[in-house]
Amino acid sequence: MRLVTECPGPLPVFAEELQLVIRVDEDEAPQTYVPDGSHKPDRHLLLGIVQSINIAVEERDPEVVEFREPCTIRLEGSGDIKTFETGMIIARASEGAIGALVIGDPTTGRRLARKGLRWFTGTIRLDIP
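1. Concerning the nonpolar core
So, step 1. In this structure, I22, I53, V65, M88 and I90 are the most contacted members of the largest nonpolar core, which totals 20 residues.
So, step 2. Among the elements of the structure, strand 2 (18–25), helix 1 (43–59), strand 7 (87–93), strand 8 (98–103) and helix 2 (106–121) are those that each provide at least two residues to this core.
So, step 3. Looking at which element gives the most residues to this core, the answer is helix 1, with seven residues.
So, step 4. With near-sequence residues (within four places) excluded, I90 lies in contact with L20, V21, I22, V24, I49, V50, I53, G99 and A100.
So, step 5. Of all hydrophobic cores here, the second largest spans 18 residues; its members include L11, L18, I73 and A91.

This is the structure:
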């Protein structure tokens, strides 16, 4: 899978072959995308990635998070193309590097990161040791 953006200068992780993409948007539940033939990622892995991105968004880490003005992002993989114009796109490259592209300002990024964190925390039973 690959992300194609009309915005110049995305993070290096977005130029690589992607193993996992998570999209968090204001109006719908977070969505995960994996290449055809790949297994759905473990809930704990998803939570760990979203926790890491949440911290990076809070700290505005320029090596992990990029904030962009409105633009169009396409996710291309196996003949299927998804188009995103809002939200936050979290990507994990095949070798494990992660990054996030937020369409909006840091306030929007924090809100979306927190929404994703709440969602993925809710998928795990925290009462089991």
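Here the narrative resumes.
2. As for the packing of aromatic side chains
So, step 1. Under the criterion given, the structure shown has one aromatic pair.
So, step 2. On the numbers, 5.9 Å between centres and 45 degrees between planes, the contact of Y33 with F84 is tilted. Taken together, the positions of Y33 in strand 3 (residues 28–33) and F84 in strand 6 (residues 80–84) put the pair 51 residues apart, joining distant regions of the chain. Of the two residues, Y33 and F84, both sit in the buried class.

3. Concerning the pairing of strand 8
So, step 1. In terms of burial, strand 8 is a largely internal element, five of the six residues being buried.
So, step 2. Looking at chain direction, strand 4 (residues 65–68) and strand 8 are connected through four bridges and run parallel. Note on strand 8: the bridge partner recorded for R68 is I103.
So, step 3. Looking at chain direction, strand 7 and strand 8 are connected through six bridges and run antiparallel. Within strand 8, the position partnered with A91 by the bridge is G99.
So, step 4. Linking strand 7 back to strand 8 in an antiparallel pair, the connection comprises four residues, with G96 at a positive phi of about 110 degrees.

4. A word on helix 2
Because each turn of an α-helix spans 3.6 residues, side chains separated by three or four positions end up pointing in the same direction.
So, step 1. Its 16 residues place the ends of helix 2 22 Å apart at the C-alpha level, agreeing with the 22 Å of an ideal helix rising 1.5 Å per residue.
So, step 2. Listing the buried residues of helix 2 in full gives T108, G109, L112, A113, K115, G116 and F120. Viewed along the axis of helix 2, the buried residues span an arc of 160 degrees, placing them on a single side of the element.
So, step 3. Its buried side turned inward, helix 2 meets strand 2, strand 3, helix 1, strand 4, strand 7 and strand 8.

Calculation criteria
Residues numbered from 1 in each chain as written. Predicted model: local features only at pLDDT ≥ 70, side-chain atom pairs only at ≥ 80, totals over all residues. Heavy atoms only, no water. Core = buried A, V, L, I, M, F, W, Y, C linked by side-chain atoms within 4.5 Å. Buried < 20%, exposed > 50% of the residue type's maximum accessible area, 1.4 Å probe, protein only. Helix = DSSP H or I, 4+ residues; strand = E, 2+ residues; numbered from the N terminus. Contact = heavy atoms within 4.5 Å. Phe/Tyr/Trp six-rings, centres within 6.5 Å; stacked < 30°, edge-to-face > 60°. Pairing = 2+ DSSP bridges. Expected span 1.5 Å × (residues − 1). Arc of directions from axis to C-beta.

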